[in-house]
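Analysis of the macromolecular model
Now for the letters of each chain:
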Amino acid sequence: MTQANAIIVGASSHLSKEIARKLAAEKVALTLFVQDPDSLKEFASQLETEVNVLPLNIEQPVEIIRQLEQEWQRIDGAHLVLINTGLNGYNETLPWQLEQDIIDVNVTGFTAICNTTFRLMREQGYGQIAAINSIAGLRGGPSIAYHASKAYAQNYLEGLSMHAQRLKLPITITDIQLGLLDKAAMQQSKLWLPPLAKVADQIIAAMKKGKRKVYVTKRWRLVAWLTMMLPEFIYNTRHWKNKKKK
C-alpha cells in the first residue's frame, strides 16, 4: 500500500465525522461504515480524499465479517481500523429487549469487528485497531448492560494487545477511554465538555503515538482514577429502603 487507508466502523456520529474530516485533510483514504449510507453521502463528497461509504449491519455479525473482508480485499488492506459503535439506554424496569440490544451491538457486534480486523491485520503483518470506549466500563452503573459491555470491550482490547505481543506482531491496540460527555452535555458543563475538534485531535494524536490506552479528554483521567478508588458504599449512593406500610 502506498497511500494510508483507514476504516471507520460507526462513522455517523459527530465525533466520527470530525475524525474522518481530519484524517481526510491528511490525505488518508477512508472507508466509512454506517447504518444509513445515504445520510453520509453529502458529507463524504466534501472530504479531501478518496471515500467509500458502506452499510453497517451491526446486529448481524456474520454480515459484518463478510463486509469487512470484502472491503479489505478491495482496498488491499488498511493501516487503521477505528471502531465507534455503541448503544446505550436506561429503563428502571430492566426490560430484556433493551439489554439484549445493547449486548448485540456492544458485545457481539464489537467482538466480530475486532476479531475479524485482528485476523486480517495478522495476515497483512501490521496495523492498528482503535476503539472509542468509555470510562463507564470502569464500574457498574444505572445502565447496567451498557456499563458491563464497556468493561467487556476494555478487557477484550487488552487481551488482543497481549495476543499481538505473544505472537510478536506489530499490531497496535488503542483503547480510547472517552469521558462521560453525554452527561456533561446534559449538565451543560463547560469544564467537562470540550470542543469536538479538541476531542478528535487528542484521539488522532493518541493513535499516531500508538498509545495502548488514553483518556479523552485528558482531564477525565482524574475522574477515572477517583471512580476506581471510591469504596462501594460511597460510589453507590443509592440507598434503597422498603417503604413502611401505613
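Note that the structure is a prediction, hence the values are computed from the model and not measured.

Along the chain, the regular secondary structure elements total nine helices and seven strands. Every one of the 246 residues in the chain was classed for burial, and the buried ones make up 46%. For the chain, restricting intrachain contacts to residue pairs at least 6 apart in sequence, the fraction spanning at least 24 positions comes to 67%. Per element, the accessible surface of the chain, about 13,900 Å² overall, is 54% carbon and sulfur.

The next point concerns the nonpolar core. Counting residues in each nonpolar core, the largest one holds 31 residues, and the members touching the most others are Leu30, Leu32, Ile176 and Ile203. Counting residues per element, this core draws most heavily on helix H7 (residues 196-208), at six residues. Aside from chain neighbours lying at most four places away, what touches Leu32 is Ile8, Ala11, Ala20, Leu40, Phe43, Val51, Asn52, Val53 and Leu54. Membership of the second largest hydrophobic core comes to 29 residues, among which are Ile7, Ile83, Ile113 and Ile129.

Read from one edge of the open sheet, seven strands run E3-E2-E1-E4-E5-E6-E7, paired in parallel fashion. Sheet topology places strand E3 (51-55) and strand E7 (213-216) at the edges, where each strand pairs with a single neighbour. Each neighbouring strand pair of the sheet contributes to a mean axis angle of 15°, computed without reference to strand direction. Pairing geometry for strand E5 (residues 127-134) and strand E6 (residues 171-178), over eight bridges, is parallel. Residue pairing in the sheet places Gln128 in a bridge with Thr172 of E6.

One turn of the α-helix equals 3.6 residues, which is why residues spaced by three or four share an orientation. Its 23 residues give helix H5 (residues 144-166) an end-to-end C-alpha distance of 33 Å, which sits within 8% of 33 Å, the value for a rise of 1.5 Å per residue. Inspection of H5 places Ala145, Tyr146, His147, Ser149, Lys150, Ala153, Gln154, Tyr156, Leu157, Leu160, Ser161 and Ala164 among the buried residues, and these make up the whole buried set. Looking at the packing, one finds that the buried side of H5 touches helix H4 (96-124), E5, E6 and E7. Lys168 sits one or two positions beyond H5 and adopts a positive phi of about 60°.

What follows is about a positive patch on the surface. A cluster of basic residues, Lys198, Lys209, Lys211, Lys218, Arg219 and Arg221, forms a positive patch on the protein surface. Here Lys209 shows up in the loop between H7 and E7.

With that out of the way, let us pick up the packing of aromatic side chains. Taken as a whole and judged by the stated rule, the model has two aromatic pairs. Ring geometry for Phe110 versus Tyr156: centroids 6.4 Å apart, planes at 75°, classification edge-to-face. Placement of Phe110 in helix H4 and of Tyr156 in helix H5 is noted, with a sequence separation of 46 residues between them. On the accessibility criterion, Phe110 (5% relative accessible area) is buried. Of the aromatic side chains, those joined through ring pairs into one cluster are Phe110, Tyr152 and Tyr156. Here the basic side chain of Lys17 rests over the ring of Phe43, its NZ or CZ set 5.8 Å away from the ring centre.

Let us look at the pattern of salt bridges. On inspection of all chains with the given rule, the structure shows 10 salt bridges. Here the salt bridges share partners, and the residues they tie into one network are Glu18, Arg21, Lys22 and Asp201.

With respect to the helices and strands, the residue Thr31 is situated in strand E2 (residues 29-34). Those residues in contact with Thr31 that lie beyond four places of it in its chain are Ala6, Ile7, Ile8, Asn52, Leu54, Glu71, Arg74 and Ile75.

Calculation rules
Residues numbered from 1 in each chain as written. Predicted model: local features only at pLDDT ≥ 70, side-chain atom pairs only at ≥ 80, totals over all residues. Heavy atoms only, no water. Helix = DSSP H or I, 4+ residues; strand = E, 2+ residues; numbered from the N terminus. Buried < 20%, exposed > 50% of the residue type's maximum accessible area, 1.4 Å probe, protein only. Contact = heavy atoms within 4.5 Å. Areas by Shrake-Rupley, 256 points an atom, 1.4 Å probe, with all protein chains shown as cover. Core = buried A, V, L, I, M, F, W, Y, C linked by side-chain atoms within 4.5 Å. Pairing = 2+ DSSP bridges. Axes fitted to C-alpha atoms, helices over the stretch in contact; angles between N-to-C directions. Expected span 1.5 Å × (residues − 1). Patch = residues over 30% accessible without salt bridge, like charges linked within 9 Å, V, L, I, M, F, W, Y side chains within 5 Å. Salt bridge = Lys/Arg side-chain N within 4 Å of Asp/Glu carboxyl O. Lys, Arg positive; Asp, Glu negative; His and termini not counted. Charge placed at Lys NZ, Arg CZ, Asp CG, Glu CD. Phe/Tyr/Trp six-rings, centres within 6.5 Å; stacked < 30°, edge-to-face > 60°. Lys NZ or Arg CZ within 6 Å of the ring centre and 35° of its normal.

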